[in-house]
Amino acid sequence: MKKSRLAILPLLALVGLLLLAGCNKKENTEQSSSAPASAPAAPTATPIDPATVGSISGAVKLDGAAPKPSKIDMSQDPACKGANEAETIVSDKGNLANVFVYVKDGLGSRTFDVPKDPVVLDQSGCRYHPHVLGVMAGQTVQIKNDDPTTHNIHPTPKDNREWNESQPPQAAPIEKNFAREEIMLPVKCNQHPWMKMYVNVVKSPFYAVTDKDGKYEIKGLPPGDYTIAFVHEKLGEQTQKVTVAPKESKTADQSFKAGGM
Amino acid sequence: MPDKPVPDNDPIVTKSYAAHYMIAVTLLTASLLWALWDEAFGMRPWKAYQHEWKQRYTAFLKSASSKSDVSQKEVEGSSDYQKLKQDLDQATQQATPHVRDLQKQIGDLSAKILAVQSVFTDRRAYVNALTYQIETNPSSKQSIQKDLDKYKAQTATVEYPDGSKQPYNFEQLEETYNSLKDQRAKLNAELGDTLKPVTQAKAALDEYVNDHMVDLTPAQIVGLEKKTEDLDPSIQQINVAEANIVDRCESCHMGAREPVKLTAASMSEKGAKAPDDFAKAFVSHPNPALLQVHDPDKFGCSPCHQGNGRATTSIEKAHGNYEHWLWPLYTKQNLEAGCQTCHAADMMLVSGDVGWTISKGKDLFRQRGCMGCHRYEGYDKEPEELQSLNQQIKQLEGERRDNTKQSAYLMKRADAAESNDEANKLNDEAVGLRVANSKIDGRLQQIDFRAHSLMQDAKKVGPNLKDARLKLNKNWIPVWLKKPSEFRPGTKMPNFRLTDAQIQAISAYIWQSGFTDSLPHQKPGNADHGKELFETRGCLACHSIGEGDDLQGGTFSANLTRVGEKANYDYLVRWIHNARERTRPYCPYEKKDIGPEDYAKKNLPYVFDLAHSKCPNDGHELQVQNMTVMPSLRLSVEDAQDIATYLLTQKKQEPSTYADASFMDDPKLKDEGQKWIRHYGCAGCHEISGMEDEGRIGTELTFEGSKPIERLDFALFTEGAERGKEPITNPEDLARLPEGPAKAPWYDHKGFFEHKLAEPEIYDKGMVKSETEALRMPNLHLAKDQVQALTTFLLGSQESGLPANYQYRPQDTRRDIQEGWWIVTKYNCVGCHQFFPGQDSSLMKMKKYQDADWKEQLPPKLYTEGARVNPEWLRRFLANPSLSDTDTNRNGVRAYLKVRMPTFSLSDDEQRKLVRFFQALSQQPLPYIPQSVPTLTSKETEMARSLFSSTAAPCLKCHATGDAQHDAHATAPNFLLAKERLKPDWVERWITDPQAISPGTSMPSGLFNHVNGQWVFAGPTPPSFQGYTQDHTKLLVDYIFQLTPEEQRRVASSMGRSTASNSAPASKKPSVGATRHALPHSGASAGGSR
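Here the structure is a predicted model, which means the values were calculated and not measured. (Residues numbered from 1 in each chain as written. Chains lettered and ligands numbered in written order. Predicted model: local features only at pLDDT ≥ 70, side-chain atom pairs only at ≥ 80, totals over all residues.)

**Describing the interface of chain B and chain A**
Counting from both sides, the interface comprises 42 residues of chain B and, opposite them, 34 residues of chain A. The greatest single-element share of the side of chain B that touches chain A, amounting to 10 residues, is contributed by helix H2 (residues 18–42) of chain B. Its residues placed into classes, the side of chain B that touches chain A shows 20 nonpolar, 17 polar and five charged. (Contact = placed C-beta atoms within 7 Å. Helix = DSSP H or I, 4+ residues; strand = E, 2+ residues; numbered from the N terminus. Nonpolar A, V, L, I, M, F, W, Y, C, P; charged D, E, K, R; others polar.)

What follows is the structure in structure tokens.
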């Protein structure tokens, strides 16, 4: 008995194996169910409570004597008539104009709706108005030509797409936008080499450009700790830490050294 | 035999063997089981992979399909889709009633046809049978014909589906049948026409969905799921008999060719922390575009990746990572070594290749002078070809001599011949030999032309040391030789580990063998102006200046930060003015530098240049140029003086502070020096007197990657390498190892090359060797990435087992591209120009050119150069970029650029290759047959002129006119060049959208609008354009192509410009460019308008 049982063993094993091998195909046909991929949740931003918002304002000064603005020779185009001083550093009694002021850091993951209204860039007297422009990423920039001559608008960005379009007199406004954040993006007109301006593309609506008195104001800021950047086309960037308490109107002045030009 | 009683303790009966059997059976069973298991799984690890693959891929597809559904919904939600959908619905709606009607008619007709057909075919069969009888039985023809007519006249009744009956005779029946069929065909065609808008709208809709789905459509995913479900475990094999490729890689790498992007993360099991082996194996090929070009069904996997494609028993075996396999899988760092298998002849792998390691390796091999010591097929071909030409010359001259002798002998015999017949025969033979000699002369002439080209093309990586005495601060030489990278980090000159005695001997030989000719004395220049020129003329496209963070410029040529310590002013001025200017020509035939004395002997003036390149002694080609790639910027001597003056201010210590090295004049050192120069192969990179024909001292590297590992000499480190021990201790050299000090065994090709490149003398470590036995390879002081690139290049340098047609050796225009890149990289054209988007030139990367105004000063982009310019013009331009024989200190086309297109003294051969290269890059046919430009009528001319000068298209505001005052502000070429230079169709494309051709150009887009199939000027059009239906662009281009200087002047003055000069900028007529005004110091010659 014992022996015969033993003899059967390998046979049994063989059969078992064959069975196993046969099963192999059928096994594991059930698929591991996968949970539907959850869409990445939009970063939850603390909503801005209009009742608590504060503001930052101030004045930007030029420390030291402003260099004498260089003269522009507009004689190459008889259609160009206007002030003929370069706008590189515009400073009236030490108040520095054309400084772009924006909240560089401190807004966290908040996202902001892009305003529907376009920002206008006007060409008249063979000059850009304004000389320094702030715009939100994606917001329309409407470019007009009020001159009796042809201009071309040629931004030379680092991080946005470059383009260069011609705009004859009385042509319809050109509408463009910039997708990515970029500070002091130079824009020029190839036909009038003195025509230069700077577009600042930011992601928040909290920005301003200093006027001829060097003044600026950023309104509607939710309370928080911010880094405010002051950027000038030639004098570079300076930053300041500012804490805004609810409903507070904070003052943040800044000054640039006139040297280093 | 007596019966023996069975012993009580008979072992057979009494002892149980059950245990033995048990053990034996268990063992047998176990081995059987093992054998079965091994057969099914052990030897087939890929089965486990395929099993996992099924599960994971199905899971992946499930999640992908839900995403796909979402994105399809998104696509379907878009307004464009809705519009297309609406179009489809509308088309369907419009078509439906008619379609239904048609379909009903067709159905009815079909039924009728069927009814007629059943009767008709029956009767036709009978008619055919009778006809056959008539044909085969001529005897009874008439009677059968009668029967046939009778039969045809009989009527048969057709019962239509509507129940009506109609009798027809045979002819009527046939007619009815055919007409019914005709009707049906017409209706079917009509149905097709009616459905056409519907099918079109449907196709548009499908196309839209396919175009806008980022991933696969749900339907495609379902297909993939089905395919995966049906997968039976089996070996997946690519078998290319022609190339002997059998690759079973896809038995495990199941995802390689899937049409979705599979990453290790996406193929990991849910909740897995890190991707396991399965997940890593299942990723899709990271570069599907590459697979598209290299179809795996033709190329397999292993020709690119190596490894053992046939092995399936383990990962190590399959990847070839075992002792007995010579071609282990390339590691990630050296992946591109595989490209070399077929692309050894390419300098650039693809036209559009940026940041490829293998291309960098090739470039380093060439630029660092590796080929000075190591032969490598395809690199530095000119000297070899020159040598073979010299041999041919010798052979041909010998033949000619023999022929002359033989023919003289024959003629002599002819004169003394006994019969006229014999004399004539001998004379004929003599004449034949003389004709043969004239053929040899022609052949020699061609060889000379070729040698002339080759001599121009042949370059040396290092400077000509025959000029050492004229050029260098004597005391600086030994300091330099001690450790070149100490004086100039990043220099091409490697560190040779020379002893002081060797340095003294070598410098003595160089010094004493150098030319002693005198150089013209140069006046001192203006360093400030020199600095301005140096920074703007384009020197920095190749050279760099400054150190560390202040370093500016390209890495192609020397860093000039300390050039003031070593250079001689008079020589430097000549060098900057024209680096190719040689002190004495060299005759490779005589192996001799030719001097004024040789010319004087033949009463010839001592003039040698490309036009006077024949040796006065024997008429063979001379080397009349310095063998440098440095071009001439066509500067005035004054400008060259200014730049040299500026450069000499670049120093960290005074040249006079170098220790005295008067030992260099010791004649006893000379022989010793020559010995060491020969030993170290200095002549591989430098021209050195008396060493011109030295061969390469290193081993050939063409197939270095396929050398058996035993033939790579690890010296004392074989064992250490196998155990993963790091022999390099010098921290400087350790930092060169791409993956840092060894952490794993490195006894392989990769390890050998990396260590050799990081510290070439490493394999001498621990050995006792004499000075002459020590390894000669110098330390090239490479950076990590450079070692990696060169290692990749060497690993790929293998003797390919693939058939010849796998090698990328195209014979069509792609060959022109291949050949062109060798020249483009040779002269560093990419230092200034962009050939395709994404490839940044050295100048573009400089700080200066980040400014918007300086950006306009960048050299032109050459994206579409072949489509832009007339190839014959391009050849002339490449030969002389000033486009003038007399007024050369300027750019011929873009006079307004401060940066200068240099004269490279390209040989005819290289000019030809470059022109073909540009034409091929832009898919332009050669030879070029210019389009004819129609002559405009006076009315058209008037219209075009009004457009040309309108305020809305102020062309002449930016484009140069040749008028000095105007051109001071010009930023674009003169229109008068267009006719000879440009292709009219390109100009038309250019003026409609220049930004698409050269992004960032000063020329604005939007000048013309495409309205109803016509290109119309965007600004207010002059009244004469009323009713003009042709393209405004075409009119303007035609006008530009027939613009005359007079016309341009008239237009310019009518636009309120100052009067233009009479001169056109076209060839030969000198004109005044903007550069003169911008640069007050430049050439004092000619100024102002004429």
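**Overview of unusual backbone geometry**
Here the amide bond leading from His129 of chain A into Pro130 of chain A is cis, since omega sits at 0°, within 30 degrees of zero. For the peptide bond that leads from Leu926 of chain B to Pro927 of chain B, omega is -5°, which places it in the cis range. Here Pro927 of chain B shows up in the loop between helix H35 (908–921) and helix H36 (938–948). With a phi angle near 60°, Lys247 of chain A is a residue other than glycine that sits in the positive phi range. Counting through the fold element by element, Lys247 of chain A comes out in the loop between strand E17 (236–244) and strand E18 (249–251). With a phi close to 50°, Ala715 of chain B is a non-glycine residue in the positive phi region. Secondary-structure assignment places Ala715 of chain B in the loop between helix H25 (669–680) and helix H26 (718–723). Of the residues examined, Ala715 of chain B has 13 C-beta atoms within 10 Å and is grouped as partly exposed. (Buried ≥ 20, exposed ≤ 12 C-beta atoms within 10 Å, placed from the backbone.)

**Some points on the sheet that holds strand E8 (residues 140–145) of chain A**
Residues and elements named next belong to chain A. Strands sit in the order E6-E5-E8-E11 across an open sheet of four strands; the sheet is mixed. The open sheet is flanked by strand E6 (127–129) and strand E11 (174–177), the only strands paired with a single partner. Averaged over all adjacent pairs, the angle separating strand axes in this sheet is 25°, with direction ignored. (Pairing = 2+ DSSP bridges. Axes fitted to C-alpha atoms, helices over the stretch in contact; angles between N-to-C directions.)

**So, the packing of H36 of chain B against helix H42 (residues 1032–1041) of chain B**
All names here are of chain B. For the pair H36 and H42, interaxial distance at closest approach is 9 Å and the crossing angle is 95°. The orientation of H36 with respect to H42, classified from their angle, is roughly perpendicular. Across the interface between the two elements, Glu940, Thr941, Met943, Ala944, Arg945, Leu947 and Phe948 from H36 touch His1032, Leu1035, Leu1036 and Tyr1039 from H42. Taken together, the residues of the contact of H36 with H42 sort by class into seven nonpolar, two polar and two charged. (Parallel < 35°, antiparallel > 145°, perpendicular 65-115°, else oblique.)

**Details of the packing of helix H28 (residues 749–758) of chain B against helix H29 (residues 784–796) of chain B**
Residue and element names in this part refer to chain B. One can describe the packing of H28 onto H29 by two numbers: an axis separation of 9 Å at closest approach and a directional angle of 135°. On the basis of their axis angle, the class for H28 and H29 is oblique. The way H28 lies across H29 gives a crossing that is right-handed. The residues of H29 that touch H28, namely those facing His749, Lys750, Phe753, Glu754, Leu757 and Ala758, are Val787, Leu790, Thr791, Leu794 and Leu795. (Left-handed = near helix turned anticlockwise from the far one by under 90°.)

**Notes on the nonpolar core**
By size, the foremost hydrophobic cluster in this structure holds 83 residues, and its most contacted members are Ile576, Ile643, Ala644, Phe948, Leu1036 and Ile1040 of chain B. When near neighbours in sequence (up to four residues on either side) are disregarded, Ile643 of chain B contacts Gly530, Leu533, Phe534 and Ile576 of chain B. Of all hydrophobic cores here, the second largest spans 48 residues; its members include Ile89, Val90, Val187 and Tyr198 of chain A. (Core = buried A, V, L, I, M, F, W, Y, C linked by C-beta atoms within 7 Å.)

**A closer look at the sheet that holds strand E7 (residues 581–587) of chain B**
Residues and elements named next belong to chain B. Strand order across the open sheet formed by three strands is E8-E7-E9, with antiparallel pairing between neighbours. Only two strands of the sheet have a single neighbouring strand rather than two, namely strand E8 (592–593) and strand E9 (623–625). Where E7 lies against E9, two bridges are found, and the strand directions are antiparallel. Of the residues in E9, the one forming a bridge with Tyr586 is Gln623.

**A few points about the pairing of strand E7 (residues 132–136) of chain A**
Residue and element names in this part refer to chain A. In terms of burial, E7 is largely enclosed, as five of its five residues are buried. Burial along E7 is two-sided: the residues Val132, Gly134 and Met136 and Leu133 and Val135 are all buried. As paired elements, E7 and strand E13 (residues 196–202) share five bridges and run parallel to each other. Note that in E13 the partner of Leu133 across the bridge is Val199.

By themselves, these are just geometric observations and shouldn't be taken as functional.
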